[in-house]
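# Residue-level structural notes
In case you want the letters, here they are:
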Amino acid sequence: MTTSADADERLIEKGRRLFAQAWRFTHASPSIASLPPMSGQIEIAFAGRSNVGKSSLINALTGQNALARTSHTPGRTQELIFFEGPANAPLRLVDMPGYGYAAAAKTKVASWTELIHQFLLGRSSLARVYVLIDARHGLKEVDQDILKTLDKSAVSYQLVLTKADQIKSAELASRITETEAALARHPAAFPQVLATSSRSGTGMPELRAAMARLLEERGA
Ligand SMILES: Nc1nc2c(ncn2[C@@H]2O[C@H](COP(=O)(O)OP(=O)(O)O)[C@@H](O)[C@H]2O)c(=O)[nH]1
Ligand SMILES: [Mg+2]
């Protein structure tokens, strides 16, 4: 008999192996016109307001601290950044430009916003988007646009709380409950929210396992 605990163990191990080998940067696209051609690989993107921890999460997932550039200056990543694993890996990761950066010029904001939304709506190889939310702050007004776009897209998406190491476990538990409750208005989203910390590694095995499961579902 296969229990769900066995299935979880199996996917955790599969996820671990997916990220055990070296990942590398392959493309940076400042525009839809400059996107790399679709390759048959499945793409998984990380979205969220600037400074929420997207690049740190990619580094923590791959165990490579200098893979994605992290920054103390919000609004730095203005391109879609693509990463690939070992040659036969069926997966690409995409670090997306952060939104909600108040100090950016309006024309710049408009062009990143268009880049993000066009990518989410028009990229058929994009199979999953993780929308990152700072565990200290929860879902904010600034996150609503991306959720609305994802609701319209064919992409499955899940909310991931970041920086879980920064709050007490009781606060984290209530943030998870309140975020899951808010998702009732977004039926296209996964109903469960994942809590992570790139600093402590919390949630990394589970997030890797979720990606391994997606690849299985897609027959990759
Ligand atoms: N304490 C803590 N800080 C984090 C975590 N993840 C990211 N940060 C910090 O948050 C800042 C922004 O991170 P970054 O990955 O560049 O965010 P991005 O703009 O969304 O790519 C950096 O100073 C990181 O060190 C985390 O899990 N815990
Ligand atoms: Mg970044």
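Treat the numbers as computed from the prediction; the structure is a model and nothing was measured.

## Digging into the overall build of the chain
- A tally of helices and strands in the chain yields six helices and seven strands.
- In the chain, the succession of helices and strands from N to C terminus is α-β-β-α-β-β-α-β-α-β-α-β-α.
- Its C-alpha atoms give the chain a radius of gyration of 17 Å, within 12% of the compact-globule value 17 Å for 220 residues.
- Counting only C-alpha atoms, the chain reaches 60 × 40 × 35 Å along its principal axes.

## Description of helix α6 (residues 204-217)
- With 14 residues, α6 extends 20 Å from end C-alpha to end C-alpha; this agrees with the ideal 20 Å at 1.5 Å per step.
- By the burial criterion, the buried members of α6 are Met204, Leu207, Arg208, Ala209, Ala210, Met211, Ala212, Leu214 and Leu215.
- Immediately downstream of α6, the backbone of Gly219 shows phi near 70°, a positive value.

## Observations concerning the packing of helix α2 (residues 54-62) against α6
- Relative to each other, α2 and α6 sit at 85°, their axes nearing to 10 Å. Taken as axis vectors, α2 and α6 run roughly perpendicular relative to one another. Only Met204, Leu207, Arg208 and Met211 of α6 make contact with α2, whose side of the interface consists of Leu57, Ala60 and Leu61.

## A short note on the site of ligand 1
- In the vicinity of ligand 1 there are 17 residues, among which Asn51, Lys54, Ser56, Asp165 and Ser198 approach most closely.
- At 2.7 Å, a side-chain N or O of Lys54 approaches an oxygen atom of ligand 1.
- Within the side chain of Lys163, one N or O atom sits 3.0 Å away from an oxygen atom of ligand 1.
- Bound to the protein, ligand 1 loses 86% of the 580 Å² it would expose on its own.

## What about the pairing of strand β5 (residues 126-134)?
- With respect to burial, β5 is a largely interior element, nine of its nine residues being buried.
- With seven bridges connecting them, β5 and strand β6 (residues 156-162) associate as parallel partners. Residue pairing for β6: Val129 is matched across the bridge by Tyr157.
- Taken together, β5, helix α4 (residues 144-152) and β6 form a β-α-β motif whose crossover is right-handed.

## Describing the side chain of Arg208
- Along the chain, Arg208 falls in helix α6.
- Notably, Arg208 is buried but unbridged: the nearest opposite-charge side chain belongs to Glu206, and the N-O separation is 7.6 Å.
- With sequence-adjacent residues up to four places away left out, Arg208 is seen in contact with Gly15, Arg16, Phe19, Ala60 and Leu61.

## Considering the packing of aromatic side chains
- Counted under the stated rule, the structure contains four aromatic pairs.
- Both rings, one in Phe25 and one in Phe83, keep their centres 6.4 Å apart while their planes meet at 70°; by these two values the pair is edge-to-face. Remark: Phe83 occurs in strand β3 (residues 80-84) and Phe25 occurs in strand β1 (residues 24-29); sequence separation between them is 58 residues.
- When its relative accessible area of 46% is taken as the criterion, Phe25 is described as partly exposed.

How each quantity is defined
- Residues numbered from 1 in each chain as written.
- Chains lettered and ligands numbered in written order.
- Predicted model: local features only at pLDDT ≥ 70, side-chain atom pairs only at ≥ 80, totals over all residues.
- Heavy atoms only, no water.
- Helix = DSSP H or I, 4+ residues; strand = E, 2+ residues; numbered from the N terminus.
- Rg over C-alpha atoms; globule rule 2.2 N^0.38 Å.
- Expected span 1.5 Å × (residues − 1).
- Buried < 20%, exposed > 50% of the residue type's maximum accessible area, 1.4 Å probe, protein only.
- Axes fitted to C-alpha atoms, helices over the stretch in contact; angles between N-to-C directions.
- Parallel < 35°, antiparallel > 145°, perpendicular 65-115°, else oblique.
- Contact = heavy atoms within 4.5 Å.
- Near = heavy atom within 4 Å.
- Polar contact = N/O pair within 3.5 Å; in protein donor to acceptor, adjacent residues only side chain to side chain.
- Areas by Shrake-Rupley, 256 points an atom, 1.4 Å probe, with all protein chains shown as cover.
- Pairing = 2+ DSSP bridges.
- Right-handed = clockwise from strand over helix to strand, strands pointing away.
- Lys, Arg positive; Asp, Glu negative; His and termini not counted.
- Salt bridge = Lys/Arg side-chain N within 4 Å of Asp/Glu carboxyl O.
- Phe/Tyr/Trp six-rings, centres within 6.5 Å; stacked < 30°, edge-to-face > 60°.

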